Amino acid sequence: MTRFALIAAASLCALPAFASETTFEQVKIDAGKTLFEAECRRCHAVEPTDSSYGPPLENIVGRGAGTYPDYDYSIALEASGIVWTPAALRAWMEDNDGFMPGTKMRHVGIEDRTVQDFILSYLVSITPQDNSAISK
């Protein structure tokens, strides 16, 4: 079991058994937030007002790649024309260098699809816009 999966499992175990109003989707979001904090937060904030090295990720799902205002993106990312769908974010998490050669971001390599699912659930949850039309 990967370190990421252990973090997610710990998050799931921390939920009280009697929490009937807690849905599985909320469990995934909570685990995803824990995983985000462990792996993504060192460079990315959620809120634009929080300091971070990379661009903030609030409203990332459905946003065009390289379009957050006042962030110095790589030319490759700015010119990519990619929209951050769940599938594109999954590919980015798994191998951002392979997905977008020339990016400034260091390689992350989150290969565990379950961990990706949790993080994606969290990223969708911090995207308040209606993203129901975005393909998976």
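Worth saying up front: this structure is predicted, and the values here are computed from it rather than measured.

Caption draft 1: Structural view of the environment of Ser125. Along the chain, Ser125 falls in helix H5 (residues 113-125). Residue classification places Ser125 among the partly exposed residues on the basis of a relative accessible area of 36%. Considering only alpha carbons, one finds Ser125 and Val61, 64 residues apart in sequence, at a separation of 9.4 Å.

Caption draft 2: How the structure looks around unusual backbone geometry. Of note in this structure, Asn59 is not a glycine but carries a positive phi near 65 degrees. In this structure, Asn59 sits in the loop between helix H2 (24-39) and helix H3 (75-78). Positive phi, normally seen in glycine, also occurs at Asp70, with a value near 65 degrees. Tracing the sequence through the fold places Asp70 in the loop between H2 and H3.

Caption draft 3: Region of interest: the packing of helix H4 (residues 86-99) against H5. The contact between H4 and H5 brings their axes to 10 Å, and the two run at 130 degrees. Put simply, H4 runs oblique to H5. You can see that H4 and H5 cross each other, and the crossing is right-handed. For the pair H4 and H5, contact is made by Pro86, Leu89, Arg90, Met93 and Glu94 and by Arg113, Gln116, Asp117, Ile119, Leu120 and Leu123, respectively. Each residue belonging to the contact of H4 with H5 can be placed in one class, and the counts come to 6 nonpolar, 1 polar and 4 charged.

Caption draft 4: View of the packing of aromatic side chains. Under the definition given, this model contains 5 aromatic pairs. Seen from their ring centres, Trp92 and Phe99 are 6.3 Å apart, and the 90 degrees between their planes marks the pair as edge-to-face. Put simply, the rings of Trp84, Trp92 and Phe99 pair up and form one aromatic cluster.

Caption draft 5: Molecular detail of H2. Relative to the 22 Å expected for 16 residues at 1.5 Å per residue, H2 spans 22 Å between its end C-alpha atoms, a close match to the ideal helical length. Within the span of H2, buried status applies to Val27, Lys28, Ile29, Ala31, Gly32, Leu35, Phe36 and Glu39.

Caption draft 6: Local environment of a negative patch on the surface. Together, Glu94, Asp95, Asp97 and Glu111 line one region of the surface with negative charge. Tracing the backbone through its elements, the reader meets Glu94 in helix H4. The class of Glu94 is partly exposed, set by a relative accessible area of 33%.

Caption draft 7: Seen up close, H4. An ideal rise of 1.5 Å per residue puts 20 Å on 14 residues; H4 reaches only 14 Å between its terminal C-alpha atoms. Of the positions making up H4, those classed as buried are Pro86, Ala88, Leu89, Arg90, Trp92, Met93 and Asn96. Looking at the buried positions of H4, the neighbouring elements they touch are H3 and H5.

Caption draft 8: Representation of the packing of H2 against H5 in the model. Two elements in contact, H2 and H5, have axes separated by 7 Å at closest approach and are oriented at 100 degrees. Classed by the angle they form, the pair H2 and H5 counts as roughly perpendicular. For the pair formed by H2 and H5, the contact residues are Glu25, Lys28, Ile29, Ala31, Gly32, Lys33, Leu35 and Phe36 on the first element and Val115, Asp117, Phe118, Ile119, Ser121, Tyr122, Leu123 and Ser125 on the second. For the contact of H2 with H5, the residue count by class is 9 nonpolar, 3 polar and 4 charged.

Basis of the calculations
Residues numbered from 1 in each chain as written. Predicted model: local features only at pLDDT ≥ 70, side-chain atom pairs only at ≥ 80, totals over all residues. Heavy atoms only, no water. Helix = DSSP H or I, 4+ residues; strand = E, 2+ residues; numbered from the N terminus. Buried < 20%, exposed > 50% of the residue type's maximum accessible area, 1.4 Å probe, protein only. Axes fitted to C-alpha atoms, helices over the stretch in contact; angles between N-to-C directions. Parallel < 35°, antiparallel > 145°, perpendicular 65-115°, else oblique. Left-handed = near helix turned anticlockwise from the far one by under 90°. Contact = heavy atoms within 4.5 Å. Nonpolar A, V, L, I, M, F, W, Y, C, P; charged D, E, K, R; others polar. Phe/Tyr/Trp six-rings, centres within 6.5 Å; stacked < 30°, edge-to-face > 60°. Expected span 1.5 Å × (residues − 1). Patch = residues over 30% accessible without salt bridge, like charges linked within 9 Å, V, L, I, M, F, W, Y side chains within 5 Å. Areas by Shrake-Rupley, 256 points an atom, 1.4 Å probe, with all protein chains shown as cover. Salt bridge = Lys/Arg side-chain N within 4 Å of Asp/Glu carboxyl O. Lys, Arg positive; Asp, Glu negative; His and termini not counted. Charge placed at Lys NZ, Arg CZ, Asp CG, Glu CD.

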